[in-house]
Number of protein chains: 2
Amino acid sequence: MQVTRAVDYGIRALMLMSGQPVGTRHFLQDLAQQGDLPRNYLVKVLKSLACVGIVRSHRGIKGGFSLGRVPSEITLRQVVEAIDGPVHVMHCIADARSCNLAGRCAPEVFFRELRAVILRSLENSTLQDLLDMQRRIDNGTACETCAEHDLVRKA
Amino acid sequence: MQVTRAVDYGIRALMLMSGQPVGTRHFLQDLAQQGDLPRNYLVKVLKSLACVGIVRSHRGIKGGFSLGRVPSEITLRQVVEAIDGPVHVMHCIADARSCNLAGRCAPEVFFRELRAVILRSLENSTLQDLLDMQRRIDNGTACETCAEHDLVRKA
DNA sequence: TGGACAACGGATAAGAAACTCTTATAATCT
DNA sequence: AGATTATAAGAGTTTCTTATCCGTTGTCCA
């Protein structure tokens, strides 16, 4: 019941990029260094994000990565699904054939609903929300619980 | 972002056992057969459930497994945590040392809250709730969406 | 046109987790 | 004592995670 490290890396890299205007180029090298992320692994994560347009990649000298759109239009659901694939919560939701009771089974119904709850949470938070919260944390203008409540309010 | 198959097996076995009074003995063999579950794997799952008292194991002839308490007092959180261990959602919540920003990092705050949402859902559903829903599904007295709403209401 | 730089793609691999099966042991009943 | 059942330990297989490395390709610039 855990999101992979790759998602963690992806979010951190995106937050670093979000610090500057959308078109700005960021080199893999710099992102890895600033965020303390494994360079050779991060490139695969960014590739996944590029596939769905969350970031854009540019080859050649003066290449690098840039955000594909403004942070307020990048939801955590998009990030998680781009990197980890669809959120399923339970295997029978991922693959209906793995269960011969498909749709007529109470546990499945429950986990399907749990999935919906999780997706709503992930959809209601954008990169911009995380940025804003981080800024408040850094300023010391938000206690941790206030910050939490702030995120919940929307979900 | 998935619960393991072991949890699925555990829930199914528990539902089979819940069909009869609490003290009733159930043989591993029968549970595996009735639920179409892998016998040799199920034994490990039941072992985990026995460790926390959700089921009781009895050795020797006429042994078998029995429920440790009534289904209405077994929450899905208890089952999931007994089998899969604590729900963490993100590695830095599992192990604070894995992140040098512990507590001062917006993503962590978000995932900590997501975890709370998931735990609430898992806590608010008991084995008895699943049983009731299954009965309604079998009777055809509940459409799938009604059943879903029924579970959500509590969460 | 050629060299330097940066992402791309594929191969590889250690490690953990998930899953299955086997074998031997201990407890209990008849 | 003998049959039956859970318990314990372990090996083995597969898959996923988390990387690392290297040759290739595309792009810019001098």
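Everything in this summary refers to the structure shown in the same document.

Rules used throughout
- Residue positions within a chain follow its written sequence, with the count starting from 1.
- Numbering of ligands from 1 and lettering of chains from A proceed in the order in which they are written.
- Predicted model: local features are reported for residues with pLDDT of at least 70 only, side-chain atom pairs are reported and counted for 80 or more only, and whole-chain, interface and lining totals are derived from all residues.
- Side-chain figures throughout are based on the complete set of non-hydrogen atoms in the structure, without hydrogens or water.
- Helix and strand labels come from DSSP, where a helix needs a run of H or I of at least four residues and a strand needs a run of E of at least two; each type is numbered from the N terminus.
- Each residue's exposure class comes from its accessible area (1.4 Å probe, protein chains only) as a fraction of the maximum for that residue type: buried when under 20%, exposed when over 50%, partly exposed otherwise.
- Whether two residues are in contact is decided by their heavy atoms: any pair within 4.5 Å suffices.
- The method behind every accessible area is Shrake-Rupley, applied with a 1.4 Å probe, and residues are considered shielded solely by the protein chains displayed.
- What makes a nonpolar core is a set of buried Ala, Val, Leu, Ile, Met, Phe, Trp, Tyr and Cys residues whose side-chain atoms join them at distances within 4.5 Å.
- Here the expected span of a helix is defined as 1.5 Å times the quantity of residues minus one.
- Summed over both partners, buried area is the accessible surface (1.4 Å probe) that two parts give up on being assembled.
- Salt bridges are defined by distance alone: a side-chain nitrogen of Lys or Arg within 4 Å of a carboxyl oxygen of Asp or Glu.
- Pairs of N or O atoms are called polar contacts if they sit within 3.5 Å, as long as, within protein, a hydrogen donor faces a hydrogen acceptor (for residues adjacent in sequence, only side-chain-to-side-chain pairs).
- Note that Gly is not counted as nonpolar here; it falls among the polar residues with everything else outside the nonpolar set of Ala, Val, Leu, Ile, Met, Phe, Trp, Tyr, Cys and Pro and the charged set of Asp, Glu, Lys and Arg.
- We call a residue near a molecule or strand as soon as one heavy atom of that residue lies within 4 Å of the molecule or strand.
- A least-squares fit on C-alpha atoms brings the copies together, and the residues used are those whose pLDDT is at least 70 in both copies.
- Geometry of aromatic contacts follows a simple scheme: Phe, Tyr and Trp rings, the Trp one being its six-membered ring, pair when their centres are within 6.5 Å, and the pair is stacked under 30 degrees between planes, edge-to-face over 60, tilted otherwise.

Moving on to the overall build of chain A. When you go through chain A residue by residue, the secondary structure sums to 8 helices and 2 strands. The order of helices and strands in chain A, counted from the N terminus, is α-α-α-β-β-α-α-α-α-α. Relative to its full complement of 155 residues, chain A shows a buried share of 48%. Taking all contacts inside chain A whose residues are at least 6 apart in sequence as the whole, residues at least 24 apart take part in 61%. If you sum the accessible surface of chain A, you get close to 7500 Å²; carbon and sulfur atoms cover 49% of it.

All names here are of chain B. The phi torsion at Asp36 lies on the positive side, around 55°, for a residue other than glycine. Given a relative accessible area of 65%, Asp36 falls into the exposed group. A positive phi angle, near 70°, is found at Val89, a position not held by glycine. A residue is classified by how much of its surface remains accessible, and Val89, at 0% relative accessible area, is buried.

Our next topic: the nonpolar core. Of all hydrophobic cores here, the largest spans 94 residues; its most connected members are Leu42(A), Leu42(B) and Ile118(B). Beyond its immediate chain neighbours, meaning those up to four positions away, Leu42(B) contacts Tyr9(B), Ala13(B), Leu28(B), Leu31(B), Ala32(B) and Leu37(B).

Next up on the list: helix H7 (residues 127-139) of chain B. Residues and elements named next belong to chain B. Compared with an ideal rise of 1.5 Å per residue, which puts 13 residues at 18 Å, H7 spans 18 Å between its outermost C-alpha atoms and is within 8% of the ideal. For H7, every residue scored as buried is listed here: Leu127, Asp129, Leu130, Leu131, Met133, Gln134 and Ile137. Following H7 by one or two positions, Gly140 adopts a phi angle in the positive range, close to 75°.

Let us now look at the interface of chain A and chain B. In this complex, chain A contributes 43 residues to the contact, which on the side of chain B involves 44 residues. For the pair chain A and chain B, the two sides together bury roughly 4300 Å², of which 67% comes from carbon and sulfur. The largest share of the area that chain A buries against chain B comes from Met1(A), Gln2(A) and Phe110(A), three residues that together contribute 17% of it. Applying the counting rule to chain A against chain B returns 0 salt bridges. Joining chain A to chain B, the criterion identifies 14 residue pairs in polar contact (both at pLDDT 80 or more). Of all the secondary-structure elements, those providing two or more residues to the side of chain A that touches chain B are helix H1 (5-18), helix H6 (106-123), helix H7 (127-139) and helix H8 (144-154) of chain A. For the side of chain A that touches chain B, a count of residues per class yields 26 nonpolar, 8 polar and 9 charged.

With that out of the way, let us pick up the protein's contact with DNA strand C. Around DNA strand C lies a shell of 22 residues, among which Leu28(A), Lys44(A), Ser57(A), Arg5(B) and Ile61(B) are the nearest. One of the side-chain nitrogen or oxygen atoms of Lys44(A) is found 2.7 Å away from a base oxygen of DNA strand C. Within the residue set of the surface near DNA strand C, elements represented by two or more residues are helix H3 (39-51), strand E1 (55-58) and strand E2 (64-67) of chain A together with helix H1 (5-18) and helix H3 (39-51) of chain B. Along the lines of polarity and charge, the residues of the surface near DNA strand C split into 8 nonpolar, 7 polar and 7 charged.

Residues in close proximity to DNA strand D total 22 residues, the closest being Tyr9(A), Asn40(A), Gly60(A), Lys47(B) and Ser57(B). Backbone atoms, meaning sugar plus phosphate, form 70% of the atoms of DNA strand D positioned within 4 Å of the protein. At a separation of 3.4 Å, a base oxygen of DNA strand D approaches a polar backbone atom of Ile61(A). For DNA strand D, a phosphate oxygen lies 3.0 Å from a polar atom in the backbone of Leu28(B).

For the pair chain A and chain B, the best superposition has an RMSD of 0.1 Å and corresponds to a rotation of 180° with a translation of 0.1 Å parallel to the axis. The operation mapping one copy onto its partner corresponds to a two-fold rotation axis. It is Met1(A) whose C-alpha, among those of chain A, lies nearest the rotation axis, at 2.4 Å. Most of the interface of chain A is mirrored in chain B, where 100% of its interface residues again form contacts.

This part takes up the side chain of Ser66(B). Residues and elements named next belong to chain B. Counting through the fold element by element, Ser66 comes out in strand E2 (residues 64-67). A polar side-chain atom of Ser66 sits 2.9 Å from a polar atom in the side chain of His58. Those residues in contact with Ser66, other than ones at most four positions away along the chain, are Met17, Val22, Gly23, Thr24, Val55, Arg56 and His58.

This part covers the packing of aromatic side chains. Residues and elements named next belong to chain A. Following the criterion strictly, the structure yields 4 aromatic pairs over all chains and no others. Geometrically, the ring pair formed by Tyr9 and Tyr41 is edge-to-face, given 5.9 Å between the ring centres and 90° between the ring planes. A residue pair is termed long-range when its members are at least 10 positions apart, and Tyr9 in helix H1 and Tyr41 in helix H3 qualify at 32 residues. In this structure Tyr9 comes out as buried when scored by relative accessible area, which is 14%.

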